[in-house]
Amino acid sequence: MYVMNTYSRLPVSFVRGDGVYLFDREGKKYLDLVAGIAVNTLGYNDPDLLNAVCEQSQRLMHISNLFENPWQEEVAKMLVERFWTEGRVFFCNSGTEANEAGIKLVRRYFREKGENRYRIITFYNGFHGRTYGSMSATAQEKVHKGFEPLLDGFDYAVYNSFDSLLKALRKDTAAIMLEVVQGEGGIRVANYEFLQKVQQLCHSEGLLLVVDEVQTGVGRTGKFFAYEHFDLKPDIVTLAKGLGGGFPIGAVIARKSVSEVFSTGSHGSTFGGNPLACACAKVVISKVSELLDHVMDTGAYFKRGLERLKTGKVRGLGLMLGLDLERDCSAIVKKALDHGLVINCTAGTVLRFVPPLIIQKDHINIALALLERVLKL
Ligand code: PLP
């Protein structure tokens, strides 16, 4: 009634969660394969995360970035230790903000070098967010509709097509920005050779490589950063979603020499990296780091199970999987909900599975049996 009509909401009202399960008002139990869209990495009621929220909120939830923030230093150190080289971190609150910061870093990097390069190549079916920079980086007409004019400086290429990328390249191109698995675009995995060529092109043309890990990052694909599967060495990586395990926090990590173009006052955020958000991220990063083999193993098990259903193409990495039914899948999501299974439909025809990373094989067996039943209805 009072909330703007931007979402198509399913007719269920969840009131609590536990592990990989959600419960509605009537006490009905649902196995959750959405996890707040790749957010609730540790599931619901993780004792360490709860403890961190309780302890930190009793001490200090928020201080301005006007003051020292040791919580940010700690989380930044943990992230940089997992990054492929020396880097620095800027904290914000969401994926779109992390990408805005990434875009601003790109532009300022070349400005400081005295080069007139500012254009960024992104890919069709990609998704980078809803604010003007990130929306303009998103090569999907439905996201732009009615909001034009967009921010200038983005050229779009076909994902996994090096020829198309070369066609989009201009003398004022500054960077290439991509997801290594397109999440909102239908769980489309980049191919290894394509990404290697992208990286070589970045080196030969002096372009920055920006990897949007908002959905793929923080262990979702079985590596801490999904770019590790492809042996990439990105200049800038953006994170959000799973980083806070349910508490909003975003981050951009940049190679040191790139990060240095942000000087005092050049960028900021009131809430970015507040003590409570950082207390959550600290728990998530350390626990997820112990779960990576589990994600690989359960992800491969889940993938094999989906393939055995023989109902569509299965794509994805780790616990970021898609089943492309090549037909509208929104009705299936509703039927699954009736059967106590929470799944999501993305890109119109793809069932997306991004469960909490703590999911066990027993849960996957239950999910597959429910799914098989629902797909036959
Ligand atoms: N980038 C990617 C790859 C995403 O999947 C999303 C959200 O789905 C975003 C950016 C935007 O994140 P947020 O909704 O937190 O702004």
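Source: prediction; values computed, not measured.

1. Description of the side chain of Asp324
Right, on to step 1. Mapped onto the elements of the fold, Asp324 is located in strand β14 (residues 320-324).
Right, on to step 2. A distance of 2.9 Å separates polar atoms of two side chains, one belonging to Asp324 and the other to Thr349.
Right, on to step 3. Dropping the residues within four chain positions of it, Asp324 is found in contact with Arg188, Gly312, Lys313, Arg315, Thr349 and Val350.

2. What about helix α4 (residues 95-113)?
Right, on to step 1. Between its first and last C-alpha, α4 extends 27 Å over 19 residues, near the 27 Å set by a 1.5 Å rise per residue.
Right, on to step 2. Regarding α4, the residues found buried are Gly95, Thr96, Ala98, Asn99, Ala101, Gly102, Ile103, Leu105, Val106, Tyr109 and Phe110.
Right, on to step 3. Just downstream of α4 lies Gly114, where phi reads positive at about 80°.

3. Points about the packing of aromatic side chains
Each aromatic ring pair is characterised by the separation of its centres together with the angle its planes make.
Right, on to step 1. Tallied over the entire structure, the rule returns twelve aromatic pairs.
Right, on to step 2. Ring centres 6.4 Å apart and planes at 75° place the aromatic pair Phe83 and Phe225 in the edge-to-face group. Of the two residues, Phe83 sits in the loop between α3 (70-82) and β4 (87-92) while Phe225 sits in the loop between β10 (208-212) and β11 (236-239), which places them 142 residues apart along the sequence.
Right, on to step 3. Relative to Tyr159, the ring of Phe123 lies with its centre 5.9 Å away and its plane at 70°, an arrangement referred to as edge-to-face. Of this pair, Phe123 sits in strand β5 (residues 119-123) while Tyr159 sits in the loop between β6 (154-157) and α7 (162-168), placing them 36 residues apart in sequence. Neither Phe123 nor Tyr159 differs from the other in exposure class; each is buried.
Right, on to step 4. Among the aromatic residues, those joined into a cluster by ring pairs are Phe83, Trp84, Phe224, Phe225 and Tyr227.
Right, on to step 5. A cation over a ring is seen here: Lys29 above Tyr21, with NZ or CZ 4.3 Å from the ring centre.

4. Focus on the domain arrangement of the protein chain
The parts lose accessible area when they come together, and the size of an interface is often stated as this lost area.
Right, on to step 1. By domain assignment, the protein chain separates into domain 1 (14-46 + 290-376) and domain 2 (49-289).
Right, on to step 2. Computed from C-alpha atoms alone, the centre-to-centre distance between domain 1 and domain 2 is 26 Å.
Right, on to step 3. Counting from both sides, the interface comprises 29 residues of domain 1 and, opposite them, 31 residues of domain 2.
Right, on to step 4. Both faces combined, the contact of domain 1 with domain 2 buries some 2700 Å², and carbon together with sulfur accounts for 60% of it.
Right, on to step 5. Across the contact surface, domain 1 and domain 2 share two salt bridges.
Right, on to step 6. Residues Arg352 and Glu184 are paired through a salt bridge, measuring 2.7 Å at the closest nitrogen-oxygen approach.
Right, on to step 7. Inspection of the region where domain 1 meets domain 2 yields 19 residue pairs in polar contact (both at pLDDT 80 or more).
Right, on to step 8. Elements represented by at least two residues in the side of domain 1 that touches domain 2 include exactly α1 (35-38), α11 (292-309), β13 (313-317), β14 and β17 (350-353).
Right, on to step 9. It is β14 that contributes the most residues to the side of domain 1 that touches domain 2, four residues altogether.
Right, on to step 10. Partitioning the side of domain 1 that touches domain 2 into residue classes produces 17 nonpolar, seven polar and five charged.

5. Some thoughts on the nonpolar core
Right, on to step 1. Grouped together as the largest cluster of nonpolar side chains are 90 residues, with contacts concentrated most on Leu79, Ile176, Leu306, Ile343, Leu351 and Phe353.
Right, on to step 2. Of all the elements, helix α10 (residues 275-289) adds the most residues to this core, at nine residues.
Right, on to step 3. Apart from the residues lying within four places of it in its own chain, the contact partners of Ile176 are Ile121, Phe123, Leu165, Val198, Leu201, Cys202, Leu207, Leu208, Leu209 and Val210.
Right, on to step 4. In terms of nonpolar packing, the next biggest core, distinct from the first, is built from 23 residues, Tyr109, Phe154, Ala174 and Met177 among them.

6. Things to note about the site of the ligand
Right, on to step 1. Taken together, 13 residues lie around the ligand, and Gly95, Thr96, Asp212, Gln215 and Lys241 are the ones closest in.
Right, on to step 2. Between the ligand and Lys241, the relevant distance is 3.5 Å, taken from an oxygen atom to a side-chain nitrogen or oxygen of the residue.
Right, on to step 3. The protein chains hide 82% of the 390 Å² of surface that the ligand would expose on its own.
Right, on to step 4. Per element, the largest residue contribution to the shell around the ligand is three residues, and it comes from α4.

Quick notes on the rules
- Residues numbered from 1 in each chain as written.
- Predicted model: local features only at pLDDT ≥ 70, side-chain atom pairs only at ≥ 80, totals over all residues.
- Heavy atoms only, no water.
- Helix = DSSP H or I, 4+ residues; strand = E, 2+ residues; numbered from the N terminus.
- Polar contact = N/O pair within 3.5 Å; in protein donor to acceptor, adjacent residues only side chain to side chain.
- Contact = heavy atoms within 4.5 Å.
- Expected span 1.5 Å × (residues − 1).
- Buried < 20%, exposed > 50% of the residue type's maximum accessible area, 1.4 Å probe, protein only.
- Phe/Tyr/Trp six-rings, centres within 6.5 Å; stacked < 30°, edge-to-face > 60°.
- Lys NZ or Arg CZ within 6 Å of the ring centre and 35° of its normal.
- Domains from an automatic or database assignment.
- Buried area = accessible area lost by both parts, 1.4 Å probe.
- Salt bridge = Lys/Arg side-chain N within 4 Å of Asp/Glu carboxyl O.
- Nonpolar A, V, L, I, M, F, W, Y, C, P; charged D, E, K, R; others polar.
- Core = buried A, V, L, I, M, F, W, Y, C linked by side-chain atoms within 4.5 Å.
- Near = heavy atom within 4 Å.
- Areas by Shrake-Rupley, 256 points an atom, 1.4 Å probe, with all protein chains shown as cover.

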